[in-house]
Amino acid sequence: MIRRYLSRSLLHAAILFAALPSVAQVCDSAKQDYEPVSPSADFPAPKDLLAKWLGFNPDPDPGTGEASDYSKWQAMDIPRLRRHAWMLWAGLTADSKLPRPVDAGEPAAGLLPKWETWYRAEDVLQESAGHLNTEKGNPPTSVPQLLLAFPRELVNLKFASARSGPGLAPRRDNTQVVAGVLYNRPTCEHVIAKRLGDPVAKDNMLRNGLREIPAFPDRDSMALKTVWMYVPHDGCEIVPVWDGIPNEPKATHYQPAEWPRSIVVKTSSTRACAATGPAVDLNDFYWRELLSQLEVARIKDSFPSARVGDYMILVGMHVITKEIPNWVWATFWWHDHPDYGQFADGRPSQLAAAWRHYLMDVAYDMDRPWQSTAQPKATFNPYLEAAFEGGTRSNCMTCHRRSVWPLPAARETLDSQGELLQPGQIVVTGSEASEATYLPEFRKSLKLSFLWTLTRVPQK
Ligand code: HEC
């Protein structure tokens, strides 16, 4: 009897297990460390409200009684549109319950911001492809280890500068950046449930005639890309500061090493510092200490002198939210005088110390909010996109809309003015140009809801 009972319950357990083939380990809601942006009056914003601030007015023209295009789109409310992105920043950077990890014996460094409790794209994509690699005793749900790498979209530039012959100045180490991608829980759950990191699943979707992946849940799906530079713990480091496109632009791209101004970051243990320039305290940045050989090994390529105990400083962050179907596109970057200029406008007062050092710009699609000259909106993060050809005219969504499966081989294409672009140069301006320059094979591919990370093939 007992035996029969046992074997039946084992059978039940087996059935139950088989019925739940993809129990999400990475973003399991039973794990408590995760902290979302707290829902508030500001987030998630109803899409109709965002449309209204963008100037959409469905009321008929009072003169003709007809809803013409002109009458539908009226004045934008730029302060409200900016405030929305700032409130996202406030929500993301609010304290979580987890302490910021520092080496034993060092003074406590306060709490991690909420976004640090989110899920690393690498872990989520691996689980969704059926091969979770918990990195030898580093379960992805504990305090997140830094998993940073040279940004994929800049790889061509890196190779170009490594190849640079005589006449081209060698790059300075410290002007490189490394980046990492995090998803919030709704994004994580969707990637896993729909197996969006799995090449086979995406091939099957294509074979079944789909041209788009199943849509991410509207409103609260989010993703982040964080951008970092390096500071040694007892030395100092030169960090270039972006003061905007020079008055007499000589180029369309500016690698940080070419920016005219920089500051010198010092830590409380700085002893020797050969660099000259205005000194800035480490605590004016959000920073993380490198605490394991694993974290160091991942960035060695970009920062050969990095050691355990040194610091990574956050110089920029991209944030997207699915409050509107094609996502809201916001970006934040560090500045030593963060209270001046259009990118400081509207910063809310409740931000804690270091978080006030970041400037912001936001785009709500490929064109809007239109620039003062009625040009499509250019939105870029200088620490990432200023480096590539056309980057200071770029817009997040015109590049991200090219994220498809399978990723076509780099091909020459046309830019907004109809000029031929070389492979790897992918800046077009505005929605019209973007349509006109779309590569034909995109129409036959699977659109990945603008997420570039979904083009990755996770390693087993
Ligand atoms: C030239 C193309 C390009 C432009 C312009 C660009 N990005 Fe990206 N973005 C990428 C690539 C490539 C990745 C990373 C893919 C990876 O790490 O696998 C990425 C990653 C991201 C991610 C992580 C989520 C994901 O899978 O896409 C976010 C969020 C993001 N970018 C936001 C932005 C924002 C906001 C802007 C504009 C301010 C922007 N991007 C401009 C190419 C671009």
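All values derive from a computational prediction rather than experimental measurement.

So, how was this worked out
- Residues numbered from 1 in each chain as written.
- Predicted model: local features only at pLDDT ≥ 70, side-chain atom pairs only at ≥ 80, totals over all residues.
- Helix = DSSP H or I, 4+ residues; strand = E, 2+ residues; numbered from the N terminus.
- Buried ≥ 20, exposed ≤ 12 C-beta atoms within 10 Å, placed from the backbone.
- Contact = placed C-beta atoms within 7 Å.
- Near = placed C-beta within 6 Å.
- Nonpolar A, V, L, I, M, F, W, Y, C, P; charged D, E, K, R; others polar.
- pLDDT = per-residue confidence, 0-100.
- Pairing = 2+ DSSP bridges.
- Axes fitted to C-alpha atoms, helices over the stretch in contact; angles between N-to-C directions.
- Expected span 1.5 Å × (residues − 1).
- Parallel < 35°, antiparallel > 145°, perpendicular 65-115°, else oblique.
- Left-handed = near helix turned anticlockwise from the far one by under 90°.

### A few points about the overall build of the protein
Next, step 1: Helix and strand content of the protein: 11 helices and 16 strands.
Next, step 2: Burial status across the protein gives 38% buried among its 460 residues.
Next, step 3: Partitioning the intrachain contacts of the protein with sequence separation of at least 6 by distance along the chain shows that 70% fall at a separation of at least 24.

### Considerations on the site of the ligand
Next, step 1: In the region of the ligand, 23 residues are neighbours, and His318, Cys396, Cys399, Trp452 and Thr453 sit closest.
Next, step 2: Of all the secondary-structure elements, those providing two or more residues to the shell around the ligand are strand 5 (222–231), strand 10 (311–321), strand 11 (328–334) and helix 10 (396–400).
Next, step 3: Within the shell around the ligand, the residues separate by chemical class into 11 nonpolar, seven polar and five charged.

### A word on the confidence of the model for the protein
In low-pLDDT segments, the atomic positions of the prediction should not be examined closely.
Next, step 1: Chain-level pLDDT for the protein is 83 on average; 78% of the residues reach the 70-or-more range.
Next, step 2: For residues 1–23, every residue scores under 50 in pLDDT, and the model assigns this stretch two contacts once sequence neighbours within four places are set aside.
Next, step 3: Within the model, the stretch residues 159–173 combines pLDDT values under 50 with four contacts to residues more than four positions away or in other chains.

### What to know about the environment of Ile313
Next, step 1: With respect to the helices, strands and loops of the structure, Ile313 is situated in strand 10.
Next, step 2: Judged by C-beta crowding, with 21 C-beta atoms within 10 Å, Ile313 ranks as buried.
Next, step 3: As a C-alpha pair, Ile313 and Val265 span 48 residues in sequence and 9.7 Å in three-dimensional space.
Next, step 4: With residues up to four places along the chain from it excluded, the contact list for Ile313 reads Trp228, Met229, Val231, Val265, Phe285 and Trp287.

### Some details on unusual backbone geometry
Next, step 1: Cis geometry marks the peptide bond from Arg368 to Pro369; its omega dihedral reads -10°.
Next, step 2: Following the sequence through the fold, Pro369 ends up in the loop between strand 12 (358–363) and helix 10.
Next, step 3: Backbone torsion omega between Trp405 and Pro406 reads -10°, so that peptide bond is classified as cis.
Next, step 4: Structurally, Pro406 is set in the loop between strand 13 (404–405) and strand 14 (413–414).
Next, step 5: Although it is not a glycine, Ser449 adopts a positive phi angle of roughly 55°.

### Observations regarding the sheet that holds strand 6 (residues 236–241)
Next, step 1: Pairing is mixed in the open sheet, where three strands are placed in the order 6-7-8. Edge positions in the open sheet fall to strand 6 and strand 8 (279–281), since each of these has one partner strand only. For this sheet, the mean inter-axis angle between neighbouring strands, taken without regard to orientation, is 40°.
Next, step 2: One ladder, built from six bridges, connects strand 6 with strand 7 (residues 261–266); its direction is antiparallel. Counterpart to Ile238 in the pairing with strand 7 is Val264.

### Comments concerning helix 4 (residues 78–93)
Next, step 1: With 16 residues, helix 4 should reach 22 Å at 1.5 Å per residue; the first-to-last C-alpha distance of 23 Å fits that figure.
Next, step 2: Those residues of helix 4 that sit buried are Leu81, Arg82, His84, Ala85, Trp86, Leu88, Trp89, Ala90, Gly91, Leu92 and Thr93.
Next, step 3: Where the residues of helix 4 are buried, they touch helix 2 (47–53), strand 2 (111–113), strand 10, strand 11 and strand 12.

### Re the pairing of strand 12
Next, step 1: Across the six residues that make up strand 12, a large majority, five, are buried.
Next, step 2: Both strand 11 and strand 12 contribute to a ladder of six bridges, which runs antiparallel. Each bridged residue has a counterpart across the sheet, and for Trp329 the counterpart in strand 12 is Ala363.

### Details of the pairing of strand 5
Next, step 1: Burial within strand 5 is extensive, with 10 of its 10 residues counted as buried.
Next, step 2: The alternating pattern of strand 5 places Met222, Leu224, Thr226, Trp228 and Tyr230 and Ala223, Lys225, Val227, Met229 and Val231 on opposite faces, both of which are buried.
Next, step 3: Of the pairings in the sheet, the one linking strand 4 (residues 178–183) to strand 5 comprises six bridges and is antiparallel in character. Across the sheet, the residue bridging to Val181 is Lys225, located in strand 5.
Next, step 4: Note that strand 5 and strand 10 share 10 bridges and pair antiparallel. Its bridge partner lying in strand 10, Leu224 is registered against Val319.

### What about the packing of helix 5 (residues 121–128) against helix 7 (residues 185–193)?
Next, step 1: Packing of helix 5 against helix 7 brings their axes to within 8 Å, and their N-to-C directions diverge by 25°. One element, helix 5, and the other, helix 7, form an angle in the roughly parallel class. The hand of the helix 5/helix 7 crossing is right-handed. Of the residues in helix 7, those touching helix 5 at Val124, Leu125, Glu127 and Ser128 are Cys188, Val191 and Ile192.

### Thoughts on the environment of Val265
Next, step 1: Mapped onto the elements, Val265 comes out in strand 7.
Next, step 2: Along the chain, Val265 and Leu282 lie 17 residues apart, while their C-alpha atoms are 5.9 Å from each other.
Next, step 3: Dropping the residues within four chain positions of it, Val265 is found in contact with Val231, Cys236, Glu237, Val239, Val280, Leu282 and Ile313.

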